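# Remarks on the overall topology
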Amino acid sequence: MTDSKYFTTTKKGEIFELKAELNSDKKEKKKEAVKKVIASMTVGKDVSALFPDVVNCMQTDNLELKKLVYLYLMNYAKSQPDMAIMAVNTFVKDCEDPNPLIRALAVRTMGCIRVDKITEYLCEPLRKCLKDEDPYVRKTAAVCVAKLHDINAQLVEDQGFLDTLKDLISDSNPMVVANAVAALSEIAESHPNSNLMDLNPQTINKLLTALNECTEWGQIFILDCLANYTPRDDRESQSICERVTPRLSHANSAVVLSAVKVLMKFMEMLPKDLDYYGTLLKKLAPPLVTLLSAEPELQYVALRNINLIVQRRPEILKHEMKVFFVKYNDPIYVKLEKLDIMIRLASQANIAQVLAELKEYATEVDVDFVRKAVRAIGRCAIKVEQSAERCVSTLLDLIQTKVNYVVQEAIVVIKDIFRKYPNKYESVIATLCENLDSLDEPEARAAMIWIVGEYAERIDNADELLESFLEGFHDESTQVQLQLLTAIVKLFLKKPTETQELVQQVLSLATQDSDNPDLRDRGYIYWRLLSTDPVAAKEVVLAEKPLISEETDLIEPTLLEELICHIGTLASVYHKPPSAFVEGSRGVQHKRLPGSTGSGESVESPDTGSAAGVSDAPPAVIPSQGDLLGDLLNLDLTPPATTGPPPPATSGLQMGAMDLLGGGLDSLMGDESEPVTTRRERPPIPLRTGTPQSPQTLQQSPSPPDYSPTELGGDLGGSSAMGAGFGAAPAAMPAPVSGGLDDLFDLGGGVGMPMGAFSPPKIVWLPAMKGKGLEISGTFARRAGVFQMELTLTNKAMSVMTDFAIQFNRNSFGIAPAGPLQVLTPLSPNQSIEVTLPLNTVGPVMKMEPLNNLQVAVKNNIDVFYFSCQYPISMLFVEDGKMERQVFLATWKDIPNDNESQFQIKDCHLSSDAASNKLQGSNIFTIAKRTVDGQDMLYQSMKLTNGIWVLAELRLQAGNPNYTVSLKCRAPEVSQCVFQSYEAVLKN
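The numbers attached to residues start from 1 for each chain and follow its sequence in the written order. With pLDDT at 70 or above as the cut-off, local features in this predicted model cover only qualifying residues; side-chain atom pairs require 80 or more to be listed or tallied, and sums for whole chains, interfaces and linings still use all residues. Derived side-chain values reflect all non-hydrogen atoms in the structure, with water molecules and hydrogen atoms excluded from consideration.

### Observations concerning the overall build of the chain
To keep things clear, this is the line we draw: Helix and strand assignments come from DSSP, with helices taken as H or I runs of at least 4 residues and strands as E runs of at least 2, each series counted from the N terminus. Classification of residues uses two cut-offs on accessible area relative to the type maximum, computed with a 1.4 Å probe and protein chains only: under 20% is buried, over 50% is exposed, and between them is partly exposed. Should any heavy atoms of two residues lie within 4.5 Å, those residues are considered in contact. To be clear on the numbers: accessible area is Shrake-Rupley with a 1.4 Å probe, and residue cover counts the displayed protein chains and nothing else.
Check the secondary structure of the chain and you find 42 helices and 13 strands. Out of the 988 residues in the chain, the part that is buried amounts to 54%. Partitioning the intrachain contacts of the chain with sequence separation of at least 6 by distance along the chain shows that 70% fall at a separation of at least 24. Counting only carbon and sulfur atoms, one obtains 50% of the accessible surface of the chain, whose full area is about 43,300 Å².

So this is what it looks like as structure tokens:
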């Protein structure tokens, strides 16, 4: 007979019948009555009226009946606290019962009754049970401490239960150890600053010993606790990894993921050249692959975790690509996740395999999956440059299928490929234009419009194509309207005479007929630019665009570190930190991966205050991108404000779209095909709040009618003409608000450059033999906060030299001339002239090798000459590079230890104070100084013009001519150049 009979519908007056049965003398009848009560309670009926009668049934030796009564008590104790106290004596008595099951049951139930009045009676029984001879009772009591702490934390601390709980970690029974760890972890999570889990090597050893004999959930508690421990060195880290590795073969996937979490964290401490490191990488792959043979729901959780692991350490699964190939019967959520991981693992070695799979997927029936597959092909092209041609070819094949949603996705990704590889695959534009009529999704329409606008000069009927979109302008989505506005303005700037009506039409639609503020604002900006200064408009609208990043969807490094520390939890499935979805502050701790052992001693706070309160600082201090190019491209391109005598901040020679050494000196030569951006003075145009100039006014303004390529080319022959061409910005342009790179020049009189700033001696950059008699020597300097190039031009030829101009190729920090090369008089034979060229850092950016390499072209009336030189990176250290102490400490800890580099500076004989003063002259600021065992440690910070911070620890010892400098930076590529600057400044 099953217990389902207790849940059948009952008649009226049942409570009175139950009351009578509960008070029956027959044990069986009592048990039946209690079961009926529990059944009624389970289905939501109120049986609280029977409380005293049920409590009377506690006095029994029958374990089953006792369990049922305890269950009832837990449910109704809150609503009947006064009645619940009646049961306390029975609990206390049961805690001393000879049967360990009853003792454990009593203490568990007392912990579950969340009534303040009862908690004080619970203390003595709980204390006895924590020291009970039976391990089952001890493990139950351990969990009870956590429950009691949740009700009354102060009581638990006063009664000394936390110390008893810590003692249980040394218990001989592994299950007791696991429950003690679980209880302490829960208490520690709700009180992050309590330092309860005082983990040390001895405790860790006990936990690892218990790990092998626990139940699977006990193992998870212990592994999660191990993940919070930071080993002292790589040897201890390796030892723990060796003892945790066997858990990877456990049948329970939660145990496997917890073990992976521990190993992923401790691998950070292992040197990469260690044999064991390679072995561990190989051992991590099989268990992760095995997780993918489980049911779909578990596969999805495993895949979300693998996605994080692959972003952190792709080498673990780089040979396992086939495991992620999609099966026909996979649910869509598993398919999409596998697809994402395939792209992350794509490399030159396996790209052919991956593309063949993706092409297959693009012919599937599931629309969402097909869209993602087409996007994935585009991502492969952007990630693996060698595969780009094959990817474009595959995308064109897919476009030929004429399947609407495939064509639209293909056009969106081809736009990104154009952004990554400019001037390479534009031959496919004709094919794209054939499919214009089939585009009905905003993103695809916007992508196509961008392509037409960007490459308008290559498309004969670009104006007709854009005009066709313009017919239904108000029915388009905002994304398409904005793109169309920009594309038509680009077209006008490229073909002004043919498209004037079109541009007036779109400006009128955007500003007068639209109620979208974004669209109106952009329309007004373009209108004022075109009517005030078309040259400036060309500079703005047709500026060179930075190449798009390989992985735009990578998780931000600090968030990724935190998520790796939460593998196997909801955070790793949502890809969000716990603080994003756990309500309140309780239970939320920000975790970080440890760094590899490199610098020896960890940096302590020079000023031993708490680093709390600066939790919001690091994101503002350090750019979020991990890779250098990402940082360099993240510039604030506001030109510096100039007041008075300093040279103009914008140079026409520093043109965005120009690749100097790729034959782009046409502008310097006055070639009309790529006009030089010179500025002409114009009368001020007041900015009105109403409608700007009407289309008629626009037509009459000095710009469109006389806007010919010839005139825009300007006459850029000689220096004097150039000097005139690059005067102050038009009066119509208000001075930019201070901020961004303005502070770099510090023209308002803030922090001045200290005297004694290091400047290397001049060296010959262009020998006379290569310069057809022109010899150029030079150096770089930073004076009064202004970065400049100091040149000596010597004429060793027989003829006079005139018409000097200079241009830089794209470089790592966007260095460009901030004014023309001022050689105002002809350079006679055997004559030398000293020239100072002010520089800024708002030019186009491209990573160079080495990083501080600068390619220069100088033109005169004889020829164009090319040379390379290297600037000391200290010239880019800005005056506001001194970090607050607490921010320094928090940032040092926040930057991964993998980003730390250590260098030796030999044969240097300076005291720590002298070294500090010398470095400060070059904007390397000392934050704090410590002396340990006779060794001075200087903690220093410096900030580059593009916002990258570099932190340093300089160690000096009296009598020792060799210094050690440790550098930490989000962009570790700059460390070598920073070290060279340290060496140059200190030895100067």
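### As for the packing of aromatic side chains
For any pair of aromatic rings, the description rests on two quantities: the centre-to-centre distance and the angle between the ring planes. Quick reminder of the rule: Any Phe, Tyr or Trp ring, taking Trp's six-membered ring, that has another such ring centre within 6.5 Å forms a pair; planes under 30 degrees apart are called stacked, those over 60 apart edge-to-face, and the others tilted. A ring is considered to have a charge above it if a Lys NZ or an Arg CZ atom is located within 6 Å of its centre and within 35 degrees of its normal.
According to the stated counting rule, one finds 13 aromatic pairs in the structure shown. Centre to centre, the rings of Phe 780 and Tyr 871 are 6.0 Å apart; their planes meet at 75 degrees, and the pair counts as edge-to-face. Placement of the pair is Phe 780 in strand 2 (residues 774-783) and Tyr 871 in the loop between strand 8 (864-870) and helix 40 (885-894), with a sequence separation of 91 residues. For the pair Phe 780 and Tyr 871, a shared accessibility class is recorded, and that class is buried. Seen from their ring centres, Phe 903 and Phe 979 are 4.5 Å apart, and the 10 degrees between their planes marks the pair as stacked. Pair noted here: Phe 903 is in strand 9 (residues 900-905) and Phe 979 is in helix 42 (residues 975-987), with a separation of 76 residues, a long-range link. You'll find Phe 903 and Phe 979 in the same group, each marked buried. Three or more aromatic residues joined by ring pairs form one cluster here, namely Trp 765, Phe 780, Phe 787, Phe 867 and Tyr 871. Geometry around Phe 369 places Lys 335 over its ring, the cationic atom sitting 5.2 Å from the centre. Between Arg 528 and the ring centre of Tyr 524, over which it is positioned, the NZ or CZ distance is 5.8 Å.

### Here we look at the packing of helix 27 (residues 478-494) against helix 30 (residues 534-541)
The relative placement of two packed helices is expressed as an angle between their axes plus a distance between the axes. How we decide: Between the N-to-C directions of two axes lies an angle of 0 to 180 degrees, each axis being a line fitted to C-alpha atoms and, for a helix, fitted only over the stretch in contact. Any angle that is under 35 degrees is reported as roughly parallel, and any over 145 degrees as roughly antiparallel; angles of 65 to 115 degrees are reported as roughly perpendicular and all others as oblique. In a left-handed crossing the near helix is turned counterclockwise from the far helix by less than a right angle, and in a right-handed crossing that turn is clockwise. Residues are sorted three ways: Asp, Glu, Lys and Arg are charged, Ala, Val, Leu, Ile, Met, Phe, Trp, Tyr, Cys and Pro are nonpolar, and all the rest, Gly among them, are polar.
Helix 30 packs onto helix 27 with a crossing angle of 125 degrees between their chain directions and a minimal axis gap of 10 Å. For the element pair helix 27 / helix 30, the angle class is oblique. Like other packed secondary-structure pairs, helix 27 and helix 30 cross with a definite hand, here left-handed. Contact residues: helix 27 offers Val 489, Lys 490 and Leu 493, while helix 30 offers Pro 534, Ala 537, Lys 538 and Val 541. Taken together, the residues of the contact of helix 27 with helix 30 sort by class into 5 nonpolar, no polar and 2 charged.

### Some points on the sheet that holds strand 7 (residues 853-859)
This is how it is decided: Between any two strands, pairing holds if DSSP finds at least two bridges.
With antiparallel pairing, 3 strands are arranged side by side in an open sheet as 4-7-8. With one partner strand each, in any of the chains shown, strand 4 (805-808) and strand 8 form the two edges of the open sheet. Pairwise comparison of adjacent strand axes, ignoring direction, gives a mean angle of 25 degrees for this sheet. Where strand 7 lies against strand 8, 7 bridges are found, and the strand directions are antiparallel. In the strand pairing of strand 8, Ala 857 is matched with Tyr 866.

### Considering the packing of helix 29 (residues 517-532) against helix 30
Where helix 29 contacts helix 30, the axes come no closer than 6 Å and their chain directions differ by 135 degrees. The orientation of helix 29 with respect to helix 30, classified from their angle, is oblique. Two secondary-structure elements touch here, helix 29 through Tyr 526, Leu 529, Leu 530 and Thr 532 and helix 30 through Pro 534, Ala 536, Ala 537, Val 540 and Val 541. Residue classes in the contact of helix 29 with helix 30 are distributed as 8 nonpolar, 1 polar and no charged.

### Section: helix 7 (residues 100-112)
Heads up, the condition is: An expected span of 1.5 Å times one less than the residue number is assigned to each helix. Here a polar contact means two N or O atoms within 3.5 Å. Within protein one must be a hydrogen donor candidate and the other an acceptor candidate, and residues neighboring in sequence count only if both atoms are side-chain atoms.
Helix length check: helix 7 (13 residues) gives 18 Å between terminal C-alpha atoms against 18 Å at 1.5 Å per residue, within 8%. Among all positions in helix 7, only Ile 102, Arg 103, Ala 104, Leu 105, Ala 106, Val 107, Thr 109, Met 110 and Gly 111 are buried. Those residues of helix 7 hidden inside the fold are in contact with helix 4 (63-76), helix 6 (88-94), helix 8 (116-130) and helix 9 (135-151). One side-chain oxygen of the residue at the start of helix 7 lies 2.9 Å from the amide nitrogen of Leu 101, identifying that residue as Asn 99.

### Quick look at the confidence of the model for the chain
Going by this rule: Per-residue confidence from the predictor is reported as pLDDT, a score between 0 and 100.
Per-residue confidence for the chain gives a mean pLDDT of 77; residues scoring 70 or more make up 81%. Counting interchain partners and residues more than four positions distant, the pLDDT-below-50 stretch residues 597-755 has 304 contacts.

### Here we look at the nonpolar core
We count it as follows: Definition used in this section: a nonpolar core is a set of buried Ala, Val, Leu, Ile, Met, Phe, Trp, Tyr and Cys residues joined via side-chain atoms within 4.5 Å. An automatic or database domain assignment is the source of the domain bounds shown.
Tyr 72, Leu 207, Leu 358 and Phe 418 are the most contacted members of the largest nonpolar core, which has 210 residues in total. When residues are assigned to domains, this core turns out to be shared by domain 1 (346-438) and domain 2 (441-544), each giving three or more. Ignoring sequence-local partners within four residues, the contact set of Phe 418 consists of Tyr 425, Glu 426, Val 428, Ile 429, Leu 432, Trp 450, Ile 451 and Tyr 455. Ranked by size, the runner-up nonpolar core spans 62 residues in total, among them Phe 808, Leu 827, Val 978 and Tyr 982.

### With respect to the sheet that holds strand 9
Here we have 5 strands laid out as an open sheet, ordered 9-13-12-11-10, and antiparallel in their pairing. The open sheet is flanked by strand 9 and strand 10 (925-932), the only strands paired with a single partner. Strand-to-strand twist across the sheet, computed as the mean angle between neighbouring axes with direction ignored, equals 20 degrees. As judged from the 9 bridges shared by strand 11 (residues 935-943) and strand 12 (residues 949-957), these two strands associate in the antiparallel manner.

### What about a negative patch on the surface?
Put simply, the rule is: Nonpolar side chains (Val, Leu, Ile, Met, Phe, Trp, Tyr) within 5 Å and like charges within 9 Å form the patches, drawn only from residues with over 30% relative accessible area and no salt bridge. Only one rule defines a salt bridge in this text: a Lys or Arg side-chain nitrogen within 4 Å of an Asp or Glu carboxyl oxygen. In this count, Lys and Arg are taken as positive residues and Asp and Glu as negative ones, while His and the chain termini are left out. For this purpose, a charge sits on NZ of Lys, CZ of Arg, CG of Asp or CD of Glu.
Taken together, the side chains of Glu 464, Glu 467, Glu 471 and Glu 501 define an acidic patch exposed on the protein surface. Tracing the backbone shows Glu 501 in helix 28 (residues 500-511).

### Structural notes on the pairing of strand 6 (residues 832-840)
Remark: a regular strand shows side chains that alternate across the two faces of the sheet. The pairing of strand 3 (residues 786-795) with strand 6 spans 7 bridges and is antiparallel. Within strand 6, the residue paired with Thr 792 across the bridge is Glu 834. The pairing of strand 5 (residues 816-817) with strand 6 spans 2 bridges and is classified as antiparallel. Bridge pairing in strand 6 places Pro 817 opposite Leu 839.

### Some remarks on the pattern of salt bridges
The tally for this structure, following the rule as stated, stands at 38 salt bridges. Note that Glu 441 and Arg 371 form a salt bridge whose closest N and O atoms lie 2.4 Å from each other. Linking Glu 441 in the loop between helix 24 (429-433) and helix 25 (442-454) with Arg 371 in helix 21 (residues 367-383), this pair joins segments that are 70 residues apart in sequence. Take Glu 441: its relative accessible area is 22%, and that puts it in the partly exposed class. Between Glu 953 and Arg 955 there is a salt bridge; the shortest N-O distance is 2.9 Å. Residue Glu 953 shares its accessibility class with Arg 955, and that shared class is buried. Among the charged side chains, a salt-bridge network with shared partners connects Glu 268, Arg 312, Arg 313, Glu 315 and Glu 561.

### A word on unusual backbone geometry
A cis geometry characterises the amide bond from Glu 849 onward to Pro 850, with omega recorded as -5 degrees. Looking at where Pro 850 falls in the secondary structure, it is placed in the loop between strand 6 and strand 7.

### Points about helix 40
The buried fraction of helix 40 is high, at 8 of 10 residues. Listed as buried for helix 40 are Gln 886, Val 887, Phe 888, Leu 889, Ala 890, Thr 891, Trp 892 and Asp 894.

### Some words on the pairing of strand 13 (residues 960-969)
Among the 10 residues that make up strand 13, 7 are buried, leaving the element largely enclosed by the rest of the structure. Where strand 9 lies against strand 13, 6 bridges are found, and the strand directions are antiparallel. Within strand 13, the position partnered with Ser 901 by the bridge is Leu 967. As paired strands, strand 12 and strand 13 are joined by 7 bridges and run antiparallel to one another. Each residue of the ladder has a partner; that of Ala 952, found in strand 13, is Leu 967. Taking the residues that link successive antiparallel strands as the turn, the strand 12-strand 13 hairpin has 2 residues, and the phi of Gly 959 there is positive, at about 85 degrees.

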